[in-house]
Amino acid sequence: GFHVLDQQIEFLDVAGDGPDARAARTLAGRLGLLGPCGSVRFLGPLDPAAALARLETADLLIHPSRREGLPMVLLEALRAGTPALASPVGAIGEALPDGTGLLHVPPDDPDALAAAVADLAADPKARRRIGAAGRRLFEDRFRLERHVERLAEIYGWPTAGPSGGEARAAACADPRRREGRDHA
């Protein structure tokens, strides 16, 4: 898809260093997309602070995969309000529905991926809409406080104040709650 993308985007930063990085670099070089006037830059692995800074200023995160769990980079893109394209493999399709901060593209379909990138590159309103939906999804499902609230509901923990941490700690310290448990 590099040949299609070269006509649609100003530049593409590729971060990370997966098993296909060498082949991608070779292909980009063969297509003349590398160098000072090239539109593709391979950044290699980034430290967490640099990766987050890139996400916060990126127009789009592109994360095609063949196999995946739930990649942290997609959650970080949601938090940053950066729209993403991802293949709905592993937990991605279930945890991150199409259109809620990211768009799904079929795995192993470079033409579909290139077309989706080109469509979003040409539509800043769609990127903003998808990015805002992603931020809402992150706030609703993935913020640590929301996980704590859900666990409190599931286990019947009391909550006090915004985090409920003090009430849970007091309840866990109550010897009546520990009766009948084997404490080795």
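Residues numbered from 1 in each chain as written. Predicted model: local features only at pLDDT ≥ 70, side-chain atom pairs only at ≥ 80, totals over all residues. Heavy atoms only, no water.

Enquirer: Describe the packing of helix α3 (residues 48-57) against helix α4 (residues 72-80), listing the residues and the values that go with them.
Expert: Look at α3 against α4: their axes get within 9 Å of each other, and the N-to-C directions meet at 50°. Considering their axes alone, α3 and α4 lie oblique with respect to each other. Relative to α4, α3 is oriented so that their crossing is right-handed. Touching Leu52, Leu55 and Glu56 of α3 are Val73, Glu76, Ala77, Arg79 and Ala80, all from α4. Counted by class, the contact of α3 with α4 contains five nonpolar, no polar and three charged residues. (Axes fitted to C-alpha atoms, helices over the stretch in contact; angles between N-to-C directions. Helix = DSSP H or I, 4+ residues; strand = E, 2+ residues; numbered from the N terminus. Parallel < 35°, antiparallel > 145°, perpendicular 65-115°, else oblique. Left-handed = near helix turned anticlockwise from the far one by under 90°. Contact = heavy atoms within 4.5 Å. Nonpolar A, V, L, I, M, F, W, Y, C, P; charged D, E, K, R; others polar.)

Enquirer: A description of the nonpolar core should follow, citing residues and the corresponding values.
Expert: Grouped together as the largest cluster of nonpolar side chains are 16 residues, with contacts concentrated most on Leu61, Leu74, Leu78, Ile92, Leu96, Leu102 and Phe142. Those elements that place two or more of their residues in this core are α4, β4 (84-86), α5 (92-95) and α7 (124-142). Counting residues per element, this core draws most heavily on α4, at four residues. Those residues in contact with Phe142 that sit more than four places away from it in its chain are Leu70, Leu75, Leu78, Ala95, Leu96, Leu137 and His147. Residues Leu60, Val105, Ala116 and Val117 belong to the second largest nonpolar core, which totals nine residues. (Core = buried A, V, L, I, M, F, W, Y, C linked by side-chain atoms within 4.5 Å. Buried < 20%, exposed > 50% of the residue type's maximum accessible area, 1.4 Å probe, protein only.)

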